[in-house]
Amino acid sequence: GFRRVWRRLRALRVGRAQRAHPAGVEKNKDLPGKKDRLILKSSVCVLIPAYNEEKRIGAVVSEACQRGYVVTVVDDGSQDGTANAAKAAGAKVLSSETNRGKGAAIRLGFEWVLLNGYEGVIVMDADGQHDPAELELFLRKLSPVVADAVIGNRMASPKGMPILRQATNHLMSLLLSAVAGQY
């Protein structure tokens, strides 16, 4: 139940986190000082897990690539042309034979990012809900290095989001913030 999930989340705890969102960036005075190292766009991989997003993935990948980011799409067993659309837009594509779920796609992507020596990773949705123009907010928080994790917050402006998704996002945000030591 809940306690088992909570224990697993606490076991995943990684340093301190900061949040980046369209309204600005929240400050955290308690962060350890790793401040003298800059992280370049070329050392950060934008990771996009995707399943049946042929119609939208191209625009998301294209805009991120135009902004100078390396983009990797994990096609999670899509039945449409998601992989081809992502490749055509400029992404490196990793493909799964079957749909294993978003978590498995992200894990595969993280493994690939680590094996290829990137210093950072930014995870975006394939459906266009995350604006590639806001990638700069994340890069600014990573450079100079001031946090182990930077977590985006769409809840500052959840227009058009179904109420159940809003509630789920809010609950998970609270849990992750508690695990990361924010509360």
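Computed from a predicted structure; not experimentally measured.

### So, the sheet that holds strand β6 (residues 120-123)
One open sheet holds the four strands; their spatial order is β5-β4-β3-β6, and the pairing between them is parallel. The strands lining the two open edges of the sheet, one partner per strand, are β5 (92-96) and β6. The average angle at which neighbouring strand axes cross in this sheet is 25°, direction not considered. As paired elements, strand β3 (residues 44-50) and β6 share four bridges and run parallel to each other.

### What to know about helix α2 (residues 54-66)
Taking 1.5 Å per residue, 13 residues should reach 18 Å; α2 reaches 19 Å between its end C-alpha atoms and fits that length. Taken residue by residue, α2 has Ile57, Val60, Val61 and Ala64 as its buried positions. Angular distribution of buried residues about the axis of α2 spans 95°; they occupy a single face of the element. When the buried face of α2 is taken as reference, the exposed residues oriented beyond 90 degrees from it are Lys55, Ala59 and Gln66.

### Focus: the confidence of the model for the chain
Per-residue pLDDT for the chain has a mean of 78; in total, 69% of the residues score no lower than 70. In this model residues 9-34 is a low-confidence stretch, pLDDT under 50, and it forms 63 contacts with partners more than four residues away in sequence or in other chains.

Calculation criteria
- Position numbers for residues count from 1 along each chain, tracking the sequence in the order it is written.
- In keeping with the model being predicted, local features are shown solely for residues with a pLDDT of at least 70 and side-chain atom pairs are shown and tallied solely at 80 or more, while totals for entire chains, interfaces and linings include all residues.
- The basis for every side-chain value is the complete set of heavy atoms in the structure, and neither hydrogens nor water enter the calculation.
- By definition, two strands form a pair when at least two bridges between them are found by DSSP.
- In DSSP terms, a helix is any run of H or I states spanning at least four residues, a strand is any run of E spanning at least two, and both are numbered starting from the N terminus.
- Helix axes are fitted only over the stretch in contact, all axes being lines through C-alpha atoms; the angle between N-to-C directions runs from 0 to 180 degrees.
- Helices are assigned an expected span. That span is 1.5 Å times one less than the residue count.
- Using a 1.4 Å probe on the protein chains alone, a residue whose accessible area is under 20% of its type maximum counts as buried, one over 50% counts as exposed, and one in between counts as partly exposed.
- This arc corresponds to the set of directions leading from the helix axis out to the C-beta atoms.
- pLDDT runs from 0 to 100 and stands for how confident the predictor is about each residue.
- Only heavy atoms enter the contact rule, under which two residues are in contact if any of them lie within 4.5 Å.

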